[in-house]
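Inside the fold
Each chain, written out:
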Amino acid sequence: MTEFQQGIFKLVATTSLGRAIVYTLGHVLISMCVVYFLTGASFFEAGLVAVIEPLINGCWYLILDRLFVKVIR
């Protein structure tokens, strides 16, 4: 392993952001494969679902969180 690769690995392994990026990339790849195999969609269509679905879920979470904060206060 080169010094550059060791530095990248250390950055990813020791920071929350690095681990979150690796987790998110894995989530997108897994989602893409599931859509591809279950629906027979193309990899492009499966990739769109894999990217758009988490964005929609993030918006839904934001709405729920703001509603929750209003109810608590």
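Our subject is the structure listed above.
Residues numbered from 1 in each chain as written. Predicted model: local features only at pLDDT ≥ 70, side-chain atom pairs only at ≥ 80, totals over all residues. Heavy atoms only, no water.

1. Describing the packing of helix α1 (residues 3-14) against helix α2 (residues 16-39)
The relative placement of two packed helices is expressed as an angle between their axes plus a distance between the axes. Condition: To get an axis, fit a line to the C-alpha atoms, keeping to the stretch in contact for a helix; angles then go from 0 to 180 degrees between the N-to-C directions. A run of DSSP states H or I qualifies as a helix once it reaches four residues; a run of E qualifies as a strand once it reaches two. Both are numbered from the N-terminal end. When describing relative orientation, an angle under 35 degrees is termed roughly parallel and one over 145 degrees roughly antiparallel, while 65 to 115 degrees is termed roughly perpendicular and anything else oblique. Residues count as neighbours in contact if any of their non-hydrogen atoms are within 4.5 Å of one another. Any residue outside Ala, Val, Leu, Ile, Met, Phe, Trp, Tyr, Cys, Pro, Asp, Glu, Lys and Arg is labelled polar, Gly included; the first ten of those are nonpolar and the last four are charged.
Orientation of α1 relative to α2, taken along the N-to-C sense of each, is 95 degrees, at an axis distance of 5 Å. With respect to α2, the axis of α1 lies roughly perpendicular. Across the interface between the two elements, Val12, Ala13 and Thr14 of α1 pack against Ser16, Gly18, Arg19 and Val22 of α2. Looking at the contact of α1 with α2 residue by residue, the class counts come to three nonpolar, three polar and one charged.

2. Some thoughts on the packing of α2 against helix α3 (residues 43-72)
Stated precisely, the cut-off is as follows: With the far helix as reference, a near helix turned anticlockwise by less than a right angle produces a left-handed crossing, and one turned clockwise produces a right-handed crossing.
Where α2 contacts α3, the axes come no closer than 8 Å and their chain directions differ by 130 degrees. As the angle between them shows, α2 and α3 are arranged oblique. Considering the relative orientation of α2 and α3, their crossing is right-handed. Along its contact with α2, which presents His27, Val28, Ser31, Met32, Val35 and Tyr36, the element α3 presents Phe43, Ala46, Gly47, Val49, Ala50, Val51, Glu53 and Pro54. Residues that form the contact of α2 with α3 fall into these classes: ten nonpolar, three polar and one charged.

3. Remarks on the side chain of Ser31
Note that Ser31 resides in helix α2. Among residues more than four places away in sequence, those in contact with Ser31 are Ala50 and Glu53.

4. Here we look at the packing of aromatic side chains
Cut-off, in case you're wondering: Centre distance within 6.5 Å is the pairing criterion for rings of Phe, Tyr and Trp, where only the six-membered ring of Trp is used; planes under 30 degrees apart are then read as stacked, over 60 as edge-to-face, and the remainder as tilted. Throughout, exposure labels follow a simple rule: accessible area from a 1.4 Å probe, protein chains only, divided by the maximum for the residue type, with under 20% read as buried, over 50% as exposed, and the rest as partly exposed.
The final tally for this structure, using the stated rule, is two aromatic pairs. Here the aromatic rings of Tyr36 and Phe37 are separated by 5.0 Å at their centres, their planes lie at 75 degrees, and the arrangement is edge-to-face. Tyr36 sits in the partly exposed class, given a relative accessible area of 29%. With centroids separated by 4.1 Å and ring planes inclined at 5 degrees, the aromatic side chains of Tyr36 and Phe43 adopt a geometry described as stacked. A relative accessible area of 44% means that Phe43 is categorised as partly exposed. Feature note: the residues Tyr36, Phe37 and Phe43 constitute an aromatic cluster, connected by ring pairs.

5. Points about α1
Just so we agree on the cut-off: For a helix, the expected span equals 1.5 Å multiplied by the residue count minus one.
Its twelve residues place the ends of α1 16 Å apart at the C-alpha level, agreeing with the 16 Å of an ideal helix rising 1.5 Å per residue. The element α1 is largely exposed, with a buried count of zero among its twelve residues.

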